[in-house]
Amino acid sequence: MKNVIGTMMLNNRSSGQLPFLGLFLLAVLAGGAAADTTTNAAKVQVLFTPGDNITAAMVAAIGDAKQSIRVQCFNFTNKAIGRALLDAHRRRVDVNILADREQFEKGAAFILQDLKHGGIEIRLDGAHSAAHNKIILIDAEVANPKIITGSFNFTQAAQKHNAENVVLIYNDKPLARAYIDNWKQHWRHAIPFE
């Protein structure tokens, strides 16, 4: 199982570039070990399919949410992730989901129907050729935020059949702020799913 955890400090934030993450991932993909370079840094976990249970890692992270979960998805057919989001909502965690409108209309995001009926607010983003983000932001605006991102669609195929990656980033408030600000931009122009 390729499960890599490393720490790093963010550099060059003002330029909007995140070279640390690219260098870290290059070291991981090249087989190098990421070293703890500093205390007081973000923790990163990298998972790959085939091999790693990305669904289980996502479900566990969702289960730890305290206040909010913000999701952006392209395809969404993974029932385990859907159940975890619904369970979080029932625990009074504020859950909002943005989905690609065209994929939903094609049936590639049918889990959203159940989540909507369960009381989760969902909006469909049709302002782009594809709303292709695959992101889960957990407690992004409070202490100890978690960011989940990567190529992994929220589908069974991504877990069972595809070669995918996910990066989980823990406790990086400035990076979480950048992600939540971008999420909010899309939320504003997306249309409510009724």
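Residues numbered from 1 in each chain as written. Predicted model: local features only at pLDDT ≥ 70, side-chain atom pairs only at ≥ 80, totals over all residues. Heavy atoms only, no water.

## Points about the overall build of the protein
Definition in use: Segments assigned H or I by DSSP are reported as helices when at least four residues long, segments assigned E as strands when at least two residues long, and all are numbered from the N terminus. Think of it in three bands: residues with accessible area under 20% of the maximum for their type are buried, residues over 50% are exposed, and the middle band is partly exposed, with areas taken using a 1.4 Å probe on protein chains only. Throughout, a contact is declared for two residues whenever any of their heavy atoms are within 4.5 Å.
From N to C terminus, the protein includes seven helices and nine strands. The buried share of the protein, reckoned over its 194 residues, is 47%. For the protein, the share of sequence-separated contacts (at least 6 apart) that also reach a separation of at least 24 residues comes to 74%.

## Notes on the nonpolar core
The line we're drawing: Within this scheme, the nonpolar core is defined by two criteria: the residues are buried Ala, Val, Leu, Ile, Met, Phe, Trp, Tyr or Cys, and they are joined through side-chain atoms within 4.5 Å.
Of all hydrophobic cores here, the largest spans 37 residues; its most connected members are Ile69, Phe76, Leu85, Ile97, Leu112 and Leu115. Breaking this core down by element, the ones donating at least two residues are helix H2 (54-63), strand E3 (68-73), helix H3 (79-90), strand E4 (94-100), helix H5 (111-117), strand E5 (121-125), strand E6 (135-138) and strand E8 (164-170). For this core, the element with the most residues is H3, which contributes five residues. Other than its neighbours up to four places away in sequence, leucine 85 contacts Ile62, Ile69, Val71, Phe76, Val95, Ile97, Leu115 and Ile120.

## Considerations on H3
For the record, the criterion: In this scheme, a helix's expected span is set at 1.5 Å multiplied by one less than its residue total.
The end-to-end C-alpha separation of H3 is 16 Å, in line with the 16 Å expected for 12 residues at 1.5 Å each. All of the buried residues in H3 are Ile81, Gly82, Ala84, Leu85, Leu86 and Ala88. In this fold, the buried residues of H3 make contact with H2, E3, E4 and H5. Residue arginine 92 follows H3 closely and has a positive phi angle near 75 degrees.

## Considering the pairing of strand E2 (residues 42-49)
This is how it is decided: Strand pairing is assigned whenever DSSP identifies at least 2 bridges connecting the two strands.
With seven of eight residues buried, E2 lies mostly within the body of the structure. The sheet contact formed by E2 and E8 spans seven bridges and is antiparallel. Paired with lysine 43 across the bridge in E8 is tyrosine 170.

## Details of the confidence of the model for the protein
Just so we agree on the cut-off: What pLDDT conveys is the predictor's confidence in a given residue, as a value from 0 to 100.
Per-residue pLDDT for the protein averages 81, and the proportion of residues at 70 or more is 79%. Low confidence marks residues 1-40, where pLDDT is under 50. Its contacts with residues over four positions away, or in another chain, come to 62 contacts.

## Side note on the pattern of salt bridges
Keep this limit in mind: We define a salt bridge as a contact between a side-chain nitrogen of Lys or Arg and a carboxyl oxygen of Asp or Glu at a distance within 4 Å.
Applying the stated criterion across every chain yields a total of eight salt bridges. The salt bridge partner of glutamate 141 is lysine 184, with a shortest N-O separation of 2.9 Å. Highlighted residues: glutamate 141 in the loop between E6 and strand E7 (146-150) and lysine 184 in helix H7 (residues 173-189), separated in sequence by 43 residues. Taking relative accessible area as the criterion, glutamate 141 reaches 41% and is therefore assigned partly exposed. Look at lysine 184 and you get partly exposed, because its relative accessible area is 29%. A salt bridge links arginine 177 to aspartate 181; the shortest N-O distance between them is 2.8 Å. Residue arginine 177 and its partner aspartate 181 are both found in helix H7; the two are separated by four residues, about one turn of the helix. On the accessibility criterion, arginine 177 (35% relative accessible area) is partly exposed. Via salt bridges that share partners, Glu141, Arg177, Asp181 and Lys184 belong to a single interconnected network.

## Considering the environment of glutamine 159
The condition that has to hold: Here a polar contact means two N or O atoms within 3.5 Å. Within protein one must be a hydrogen donor candidate and the other an acceptor candidate, and residues neighboring in sequence count only if both atoms are side-chain atoms.
Structurally, glutamine 159 can be placed in helix H6 (residues 156-160). According to the relative accessible area criterion, glutamine 159 is buried, its value standing at 16%. It is 8.4 Å that separates the C-alpha atoms of glutamine 159 and aspartate 52, two residues lying 107 residues apart in sequence. Non-local contacts of glutamine 159, meaning those with residues more than four positions away in its chain, are made with Thr49, Asp52, Asn53, Ile54, Thr55 and Phe152. From its side chain, glutamine 159 meets the backbone oxygen of aspartate 52 in a polar contact 2.9 Å long. At 3.0 Å, the side chain of glutamine 159 forms a polar contact with the backbone nitrogen of isoleucine 54.

## Remarks on the packing of aromatic side chains
To keep things clear, this is the line we draw: Whether two aromatic rings pair depends on their centres lying within 6.5 Å, for rings of Phe, Tyr and Trp, where Trp uses its six-membered ring; planes under 30 degrees apart make the pair stacked, over 60 edge-to-face, and the rest tilted. Two limits define a charge over a ring: the Lys NZ or Arg CZ must be within 6 Å of the ring centre, and within 35 degrees of the ring normal.
Following the criterion strictly, the structure yields three aromatic pairs and no others. Pairing phenylalanine 76 with phenylalanine 154 gives two aromatic rings, centres 5.6 Å apart and planes at 75 degrees, and the pair type is edge-to-face. Of this pair, phenylalanine 76 sits in the loop between E3 and H3 while phenylalanine 154 sits in the loop between E7 and H6; the two residues are 78 residues apart in sequence, bridging distant segments of the chain. Considered together, phenylalanine 76 and phenylalanine 154 belong to a single accessibility category, that of buried residues. Just above the ring of tyrosine 170 sits the side chain of lysine 43; from NZ or CZ to the centre is 5.0 Å.

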